[in-house]
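What follows is the residue order along each chain.
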Amino acid sequence: MAFRRALKRTALVGGGAVATAFGLSQLIEYRKTQARLAHVAAEAELKVPFVDELPSRQAQLAALTNTEEFDVLVVGGGATGAGCALDAVTRNLKTALVERSDFSSGTSSRSTKLIHGGVRYLQKAIMKLDYEQYMMVKEALHERANLLEIAPHLSAPLPIMLPVYKWWQLPYYWAGIKMYDLVAGIQCLKSSYVLSKTKALELFPMLKKDKLVGAIVYYDGQHNDARMNLAIALSAARYGAAIANYTEVIHLLKKKDPQSGREKVCGARCRDVITGQEFDVRAKCVINATGPFTDALRKMDNQEASNICQPSAGVHIVIPGYYSPDNMGLLDPATSDGRVIFFLPWENMTIAGTTDTPTSVTAHPIPGEDDINFILTEVRNYLSPDVEVRRGDVLAAWSGIRPLVTDPSSKDTQSICRNHIVSISDSGLVTIAGGKWTTYRSMAEETLDATIKAHGLSADSCKTVGLMLEGAKGWTPTLYIRLVQDYGLEKEVAQHLASTYGGRAFDVAKMAQVTGQRWPIVGKRLVSEFPYIESEVLYAIKEYACTAIDVIARRTRLGFLNVQAADEALPRIVQIMGKELDWSQEKRTVREELEAARKFLYHEMGYRSRSEQITKTSEINLDNHEVARYKKRFHKFDKESKGFITTVDVQRVLQSINVYIDENALHEILNEVDLNKNGQVEIDEFLQLMSAVKKGHVSDSRLAILMKTAEETLDQREPVSVDRSGGGV
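This is a predicted model, so every value here is computed, not measured. (Residues numbered from 1 in each chain as written. Predicted model: local features only at pLDDT ≥ 70, side-chain atom pairs only at ≥ 80, totals over all residues. Heavy atoms only, no water.)

A.B. asks: Help me understand the overall build of the protein in this model?
C.D. replies: Along the backbone of the protein there are 27 helices and 21 strands. With 729 residues in all, the protein has 54% of them scored as buried. If you take every contact in the protein between residues at least 6 apart in sequence, the share linking residues at least 24 apart comes to 72%. Put simply, the protein shows about 33300 Å² of open surface, and 52% of that area lies on carbon and sulfur atoms. (Helix = DSSP H or I, 4+ residues; strand = E, 2+ residues; numbered from the N terminus. Buried < 20%, exposed > 50% of the residue type's maximum accessible area, 1.4 Å probe, protein only. Contact = heavy atoms within 4.5 Å. Areas by Shrake-Rupley, 256 points an atom, 1.4 Å probe, with all protein chains shown as cover.)

A.B. asks: In this structure, what is going on with helix α9 (residues 225-238)? I would like to understand it.
C.D. replies: Residue pairs three or four apart in sequence face the same way in an α-helix, which turns once every 3.6 residues. Taking 1.5 Å as the rise per residue, α9 with 14 residues should run 20 Å; its terminal C-alpha atoms sit 20 Å apart, in good agreement. Where burial is concerned, most of α9 is hidden: 14 out of the 14 residues are buried. (Expected span 1.5 Å × (residues − 1).)

A.B. asks: Whenever I open this one, the pattern of salt bridges confuses me. Can you help?
C.D. replies: It is possible for side chains bearing opposite charge to pair when their charged atoms get close. Tallying each qualifying case throughout the model produces 42 salt bridges. Asp567 is paired through a salt bridge with Arg598; the nearest N and O atoms lie 2.6 Å apart. Linking Asp567 in helix α19 (residues 563-581) with Arg598 in helix α20 (residues 590-604), this pair joins segments that are 31 residues apart in sequence. With its nearest N and O atoms 2.6 Å apart, the salt bridge here joins Arg702 to Glu672. Of the two residues, Arg702 sits in helix α26 (residues 702-717) while Glu672 sits in the loop between α24 (663-671) and β21 (681-682), which places them 30 residues apart along the sequence. The partly exposed category is assigned to Arg702, whose relative accessible area is 31%. (Salt bridge = Lys/Arg side-chain N within 4 Å of Asp/Glu carboxyl O.)

A.B. asks: Looking at this structure, I do not really get the packing of helix α4 (residues 79-89) against helix α12 (residues 440-455). What am I missing?
C.D. replies: Packed helices, taken two at a time, are described by the angle between their axes plus the distance between the axes. At their nearest, the axes of α4 and α12 sit 8 Å apart, and the two run at 55° to each other. Considering their axes alone, α4 and α12 lie oblique with respect to each other. The handedness of the crossing between α4 and α12 is right-handed. Counting all contacts with α4, which are made through Ala79, Thr80, Gly83, Cys84, Asp87 and Ala88, the residues of α12 involved are Tyr440, Met443, Ala444, Glu445, Thr447 and Leu448. Of the residues in the contact of α4 with α12, the class split is 7 nonpolar, 3 polar and 2 charged. (Axes fitted to C-alpha atoms, helices over the stretch in contact; angles between N-to-C directions. Parallel < 35°, antiparallel > 145°, perpendicular 65-115°, else oblique. Left-handed = near helix turned anticlockwise from the far one by under 90°. Nonpolar A, V, L, I, M, F, W, Y, C, P; charged D, E, K, R; others polar.)

A.B. asks: Help me understand the environment of Gly503 in this model?
C.D. replies: Inspection of the secondary structure assignment puts Gly503 in the loop between α14 (491-501) and α15 (505-510). Between the alpha carbons of Gly503 and Glu470 there is a distance of 8.4 Å; along the sequence they are 33 residues apart.

A.B. asks: Just to check I follow, could you spell out the packing of aromatic side chains for this structure?
C.D. replies: Where two aromatic rings form a pair, the distance of their centres and the angle of their planes describe that pair. A complete count under the given rule lists 14 aromatic pairs for this structure. Both rings, one in Tyr180 and one in Tyr218, keep their centres 5.8 Å apart while their planes meet at 90°; by these two values the pair is edge-to-face. In this pair, Tyr180 sits in helix α7 (residues 169-184) while Tyr218 sits in strand β6 (residues 214-223), placing the two residues 38 residues apart along the sequence. A centroid spacing of 5.6 Å and a plane angle of 40° characterise the contact between Phe634 and Phe686, whose relative ring orientation is tilted. (Phe/Tyr/Trp six-rings, centres within 6.5 Å; stacked < 30°, edge-to-face > 60°.)

A.B. asks: Just checking my understanding: could you explain the nonpolar core for this structure?
C.D. replies: Core analysis: the biggest nonpolar cluster contains 63 residues, and Ile160, Tyr218, Phe342, Phe530, Leu558, Ile573 and Leu601 have the highest contact counts within it. When residues of this core are assigned to their parent elements, the largest contribution, 9 residues, is made by α19. Looking at which domains feed residues into this core, each of domain 2 (156-221 + 309-401) and domain 3 (476-609) gives three or more. Setting aside chain neighbours within four positions, we find Phe342 in contact with Thr112, Leu114, Ile160, Tyr218, Leu330, Leu331, Ile351, Ala352 and Gly353. (Core = buried A, V, L, I, M, F, W, Y, C linked by side-chain atoms within 4.5 Å. Domains from an automatic or database assignment.)

A.B. asks: Can you walk me through a positive patch on the surface in this structure?
C.D. replies: Residues Arg120, Lys124, Lys128 and Arg402 make up a contiguous surface patch of positive charge. Counting through the fold element by element, Arg402 comes out in strand β16 (residues 396-406). Using a relative accessible area of 31% as the deciding quantity, one classes Arg402 as partly exposed. (Patch = residues over 30% accessible without salt bridge, like charges linked within 9 Å, V, L, I, M, F, W, Y side chains within 5 Å. Lys, Arg positive; Asp, Glu negative; His and termini not counted. Charge placed at Lys NZ, Arg CZ, Asp CG, Glu CD.)

In structure tokens:
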């Protein structure tokens, strides 16, 4: 009877008559098989003009300039804009897309990296009996399953633990999470389950054990957001869409409709940001998919248009991977101010966020120190006191602007729309705004349906459900083994290439240079501790990377993972790009490119906040014993009692203990502490450093560790005096 009741419930959540004929597991497999067959049939109908080689950016710009008229021009290269372009081109519409910066340069690359339905939205839907919110969750869970299916190399299910510290919360949260599974139906990734306190600590050993009563684990999806966005855009290009980054809209083109006499949008005047060249792109309709910049394009259409975007900033931080298990996330369902914080493993690091603060619209959002400290405080509340959560462990931080919107057709223009809106102006400009990363595809489908109807376009039905994205074909979980065997790549590098480029990883491997070492045979790393290799820079150019920022932020994710490592890799990245793109001294100097990329790291990726943890005005918080100990250490290097040390002093001590460090590297090490930037480290600067290390504001200081290690080695070598030894025999 229990089995029959379960089967009946399955039918209610979408199993239908088929559910009564099969068991649940057979039903899931049956549905997956049917979906795969539908995908094969859909893809068989589509022509792929650029299977092997993508057209160059120059060729794409030529297509934009020379095409007499497109059916659809999409403005915005984020997830939603790229999704609209892919949807349009696979419906057999002549499609163009322009993005004023790089693909995924805005909000789409600065997310929590989750593909999820939204547990908190479901809670609100149930508590408030809100059917609209419930359907939003159901749609997102459907899209979650689709996204995991069409880009398996870039996404995967992730177990997320919800720790419980009060007995009454256990059944409450369990019921909510089980409802989440139920709403997902046959698209449930894996069934949630309850853990005892012992088992929870076994799986998440750094969790705070005091008062812990147990935990609940549920599953959502996780992805590499910028690479996913890029995969959507590149897929559109392969199917024939003309797409161009660094191409901004200056103003919209309009013409009079002979029937109504009204002015209608018929394209856009564009400018190549890199060359400054201007040109017209004519189209039967224009789609505004510019995220936080929605209102700017709406006002190009109608200066009287009211603002509908209410931007909110969400800050995330990245800390070392040892803060979380390799394959288990954490959800804090109720922070001190009522927000939700995720604590997730990502790219061998740990990502924590997000905040939710009203902000102004900007192309260059900056993470605030208050937000960074708020996240660290919330993380401390859930981790064991044995784990010291240090400000100095923040390796990168960023802010993304979430474009919350109000519905322009609603009487109450102040109320925030929970989902997304599609609106069409009197002149025919189609605007898609709001929504979430997970539902980009369904948002694009709805947008194109509305566009086709409003503009009377002749188009096929939507084909993006199950349409495999760039790199998905040819990918298998064991693909990296072939990369190791066929090319002599390191295992870690091969795994990275497979999970980033999927079936296209072989194209990257073919471009890799021979190392000249016994192993690895090919694949020179950009920085030693990350698996990014030099050939990825060359391949990034084929993926329309135009600047060093494109490479460190979106083609690779180095800038999001460790700002210092990204800074170290920049000179080589710029050198490779300059040679490949023929950057002349007149057009783009290496210095300009380096400065722009370092400015990006400094302001937008949290390098400024990290570097400001030790300043000339920092308070020295050391007791007398600590001051004496650190002065003694300093004077081992400052033999002449000058009051400062230079690279010469450090090099002399290191040579005495048979340690040799490159002079340029030594300059970099001292420069991290040289607050006056006078080529030397004064005693006060050293004490400020050690005080910052003590407070956790600075971690992994190379100078602090180097001097401590050298002191310990010197102390071990000092002869024992006769007095201390008791006089001998």
